[in-house]
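Spelled out, the chains give:
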Amino acid sequence: MNFMETIVRKIDKHQIDKEIIREAGEILQSGGLVAFPTETVYGLGADALKEEAARKTYEAKGRPSDNPLIVHIADYEDLKKIAVNIPPETDALASHFWPGPLTMIFEKSGQVPYGTTGGLDTVAVRMPRDPIAAELIRAAGGFVSAPSANTSGRPSPTTAEHVREDLDGKIDMILDAGDVDIGLESTILDMTVEPPMILRPGAITPDMFEEVIGPVSIDETILGSESEKPPKAPGMKYRHYAPRAKLVIVDGDLREEILAIRQLAYAAHRKGKEAGIIATGETLQFYKYGVVKNIGTRENEKTIARNLYRVLREFDEEDIDTIYSESFAMQGIGKAIMNRLEKAAGHLRIAAAAVVKEQRYRRIIFVSSTDSARGPMAAEILRHQDLMQEYVIDSMGMVALFPEPANQKAEAIMKSAQMTLKDHFSQQFDGEGIQDDTLVLAVEESQKKKIISEYGNIKNVYTINEFVDDDTEIPNPYGKPLTAYGECYEKLRKLIRKLAEKLNLLAGGEE
Ligand code: AMP
Ligand code: MG
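The structure reproduced in this document is the subject of the present report. Note that the structure is a prediction, hence the values are computed from the model and not measured. (Residues numbered from 1 in each chain as written. Chains lettered and ligands numbered in written order. Predicted model: local features only at pLDDT ≥ 70, side-chain atom pairs only at ≥ 80, totals over all residues. Heavy atoms only, no water.)

1. Regarding the overall build of the protein chain
Right, on to step 1. Per the secondary structure count, the protein chain includes 17 helices and 21 strands.
Right, on to step 2. Taken over C-alpha atoms, the radius of gyration comes to 31 Å for the protein chain, far larger than the 24 Å a tight globule of 511 residues would show.
Right, on to step 3. Summarising its shape, the C-alpha atoms of the protein chain cover approximately 95 × 45 × 35 Å along the three principal directions.
Right, on to step 4. Burial status across the protein chain gives 56% buried among its 511 residues.
Right, on to step 5. Taking as baseline every contact in the protein chain between residues at least 6 positions apart, the subset at least 24 positions apart corresponds to 70%. (Helix = DSSP H or I, 4+ residues; strand = E, 2+ residues; numbered from the N terminus. Rg over C-alpha atoms; globule rule 2.2 N^0.38 Å. Buried < 20%, exposed > 50% of the residue type's maximum accessible area, 1.4 Å probe, protein only. Contact = heavy atoms within 4.5 Å.)

2. A look at the packing of aromatic side chains
Both the distance between ring centres and the angle between the ring planes are used here to describe each pair of aromatic rings.
Right, on to step 1. Inspection of every chain in the model, using the stated rule, returns seven aromatic pairs.
Right, on to step 2. Aromatic side chains Tyr361 and Phe467 sit 6.1 Å apart centroid to centroid with 75° between the ring planes, which places their arrangement in the edge-to-face category. Of this pair, Tyr361 sits in the loop between helix H12 (352–357) and strand E18 (363–368) while Phe467 sits in helix H16 (residues 464–468), placing them 106 residues apart in sequence. Taken as a pair, Tyr361 and Phe467 share a single burial class, namely buried.
Right, on to step 3. Through pairs of rings, three or more aromatic residues link up here, namely Tyr361, Tyr462 and Phe467.
Right, on to step 4. Of note, Lys108 hangs over the ring of Tyr114, and the distance from its end group to the ring centre comes to 4.2 Å. (Phe/Tyr/Trp six-rings, centres within 6.5 Å; stacked < 30°, edge-to-face > 60°. Lys NZ or Arg CZ within 6 Å of the ring centre and 35° of its normal.)

3. Things to note about the sheet that holds E18
Right, on to step 1. Pairing in this open sheet of four strands is parallel, and the strands run E19-E18-E20-E21 from one edge to the other. Each of the sheet's edge strands pairs with one partner strand only, and the pair in question is strand E19 (392–397) and strand E21 (461–463). The mean angle between the axes of side-by-side strands here comes to 25°, regardless of whether they run parallel or antiparallel.
Right, on to step 2. Looking at chain direction, strand E20 (residues 438–442) and E21 are connected through three bridges and run parallel. (Pairing = 2+ DSSP bridges. Axes fitted to C-alpha atoms, helices over the stretch in contact; angles between N-to-C directions.)

4. Things to note about the site of ligand 1
Right, on to step 1. Lining the immediate environment of ligand 1, one finds 21 residues, of which Arg63, Thr122, Pro147, Arg200 and Gly235 sit closest.
Right, on to step 2. One of the side-chain nitrogen or oxygen atoms of Arg63 is found 3.0 Å away from an oxygen atom of ligand 1.
Right, on to step 3. In this structure, Asn67 approaches ligand 1 through a side-chain N or O atom, which is 3.1 Å from an oxygen atom.
Right, on to step 4. Protein chains shield 94% of the accessible area of ligand 1, which is 500 Å² for the free molecule.
Right, on to step 5. Listing elements by their share of the shell around ligand 1, those giving two or more residues are strand E7 (122–126) and strand E11 (197–200). (Near = heavy atom within 4 Å. Polar contact = N/O pair within 3.5 Å; in protein donor to acceptor, adjacent residues only side chain to side chain. Areas by Shrake-Rupley, 256 points an atom, 1.4 Å probe, with all protein chains shown as cover.)

5. Re the layout of surface pockets
Right, on to step 1. Taken as a whole, the largest pocket encloses approximately 640 Å³ of empty space.
Right, on to step 2. Lining the largest pocket are 42 residues, and of these Arg63, Pro68, Ile70, Ile188 and Arg200 sit closest to its centre.
Right, on to step 3. Elements with a minimum of two residues in the lining of the largest pocket: strand E4 (70–72), strand E6 (102–108), E7, strand E10 (187–190) and E11.
Right, on to step 4. Counting residues per element, the lining of the largest pocket draws most heavily on E7, which supplies four residues. (1 Å grid on protein atoms, 1.4 Å probe; cavity = no way out; pocket = protein on both sides within 12 Å on 5 of 7 lines; lining within 4 Å. Points joined across faces, edges and corners; volume = space filled by probe spheres on them.)

6. Quick look at the packing of helix H13 (residues 374–383) against helix H14 (residues 408–416)
Right, on to step 1. The interhelical angle for the contact between H13 and H14, taken along N-to-C directions, is 20°, at an axis separation of 10 Å. The pairing of H13 with H14 is recorded here as roughly parallel in orientation. In terms of crossing hand, the pair formed by H13 and H14 is right-handed. Contacts between H13 and H14 pair Met377, Glu380 and Ile381 from the former with Ala410, Ile413 and Met414 from the latter.
Right, on to step 2. Split by residue class, the contact of H13 with H14 holds five nonpolar, no polar and one charged. (Parallel < 35°, antiparallel > 145°, perpendicular 65-115°, else oblique. Left-handed = near helix turned anticlockwise from the far one by under 90°. Nonpolar A, V, L, I, M, F, W, Y, C, P; charged D, E, K, R; others polar.)

7. Description of the environment of Asp166
Right, on to step 1. For Asp166, the position within the fold is in helix H7 (residues 160–167).
Right, on to step 2. Relative accessible area serves as the criterion here: at 7%, Asp166 is assigned to the buried category.
Right, on to step 3. For the pair Asp166 and Ile21, spaced 145 residues apart in sequence, the C-alpha to C-alpha distance is 23 Å.
Right, on to step 4. Filtering out sequence-adjacent residues up to four positions away, Asp166 remains in contact with Asn150, Thr151, Arg154 and Arg313.
Right, on to step 5. One polar contact links Asp166 to Arg313, side chain to side chain, over a distance of 2.9 Å.

8. Considerations on the side chain of Thr159
Right, on to step 1. Counting through the fold element by element, Thr159 comes out in the loop between strand E8 (144–145) and H7.
Right, on to step 2. Of the residues examined, Thr159 reaches a relative accessible area of 14% and is grouped as buried.
Right, on to step 3. A distance of 3.1 Å separates a polar side-chain atom of Thr159 from the backbone nitrogen of His162.
Right, on to step 4. When near neighbours in sequence (up to four residues on either side) are disregarded, Thr159 contacts Tyr42, Gly178 and Asp179.

9. Focus on helix H15 (residues 445–454)
Side chains that are three or four residues apart share a direction in an α-helix, a result of its 3.6 residues per turn.
Right, on to step 1. Of the residues making up H15, those classed as buried are Gln447, Lys448 and Ile451. For H15, the arc enclosing every buried residue in end-on projection is 100°, short of the 170-degree limit, so these residues lie on one face. Residues of H15 that are exposed and angled more than 90 degrees away from the buried face: Lys449 and Ser453.
Right, on to step 2. Looking at the buried residues of H15, the elements they touch are E18, E20, E21 and H16. (Arc of directions from axis to C-beta.)

10. Considering the side chain of His72
Right, on to step 1. With respect to the secondary-structure elements, His72 resides in strand E4.
Right, on to step 2. At 3.2 Å, the side chain of His72 and the backbone oxygen of Ile70 are in polar contact.
Right, on to step 3. The residues contacting His72, other than those within four sequence positions of it, are Arg126, Pro128, Ile137, Gly142, Phe143, Val144, Ser145 and Ala146.

Okay, structure coming up:
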């Protein structure tokens, strides 16, 4: 393909520069390609009634030519020029949803070349809501074919910059009006069947159609993974929206999803390779490892729709092999979000519960009497071990009524071993927040007994010795010289190394 200079023109939808529209319209009229904003994603415009313009579109996008284009119009009367046998419900749908993110499929008229429809006898038509798009369509003669303005297979463009990344040097012009509104492609509704059938989910949902024309049907291949049947919209059969890294959807209830993704991200981190994580405003705080991106808020799924493609593209700038994504609710626009995510993932998904089951303990609490020396030392030594899974490691005391810093001799010994307890403050053990995946390790038998008698519901309580099967005593150094703290440290270090080995064995699936 020949390299051409791509002109980029900034344009404001509240104050549209007529001169720019005229220039872009002329390019389209003479068979060129212009990328322009719509409320869904950026489109790659061409004259829909010219066979040759369609060929150029496919070439610029690298798109398979059996994947038909959507014809964009600006005035409802124009529909009759390109479609025939238009069913009566069309008027009601158009008056509710046009201009807007709805594409309808009709039998095509002789005016529409097969190049535009990918060889089909039907034509897909949409009237976009963005005023720049409407003016451009009129300036181009009324019929503009426009697939998404990306390289075929990549995430659709939601900014002019995305268009430039993919198509610079391959198209004549880009109209840059900043970010789009919706961020996902239009809902496609096939009007040639009775009742009409949704071929691609989008911002206009089945309920919204039902209110206007009664129930519609849904192409069952939309969300099914690798169904045998081909989807009815030819474009839906291709892998789409794909980032360069492998994308995996983690599926379960939200708590399990978070735990599973944490575990997977930690495993990647240990191999020296950070994982990508698609998180939401509500869950961001739970991830410690990995390249974490906020895709929006669960309270308003429109924000997620708007950010999805940008986030997928941003991951291409990162040195990662795998991206893990949380799942989203299947209501409203959620269905369209999950449809795009599924396609981007090539239907790769894993059950969060299966991953979570692999980790027996997630939190370890060391319990001593005052939480000022042995407990905090044990916790800090464990934090410095090479652990195969991620744990929240704490220490607490049976009599630690006020938060106090660590014992100074304990700190001196830890310092000489290149560790520190300077951020430690003692905490009282009160049995709260202890779950089945919490492991409570007492430094002495007496604390273990007390916990068992006072908190009968706590499942995993052991002394450190007992848990690692080693009867080395951990003497209380309190009030003794520094050397006693040193001996205590040596004993703890031996036991904690064994503990790390045992945890790693458990992580490897051994009991
Ligand atoms: P895009 O323009 O990138 O949003 O892709 C257009 C989508 O519309 C693709 O999934 C096409 O397969 C679908 N499409 C366009 N025309 C038709 C048609 N006549 N029948 C069924 N699907 C269509
Ligand atoms: Mg597309």
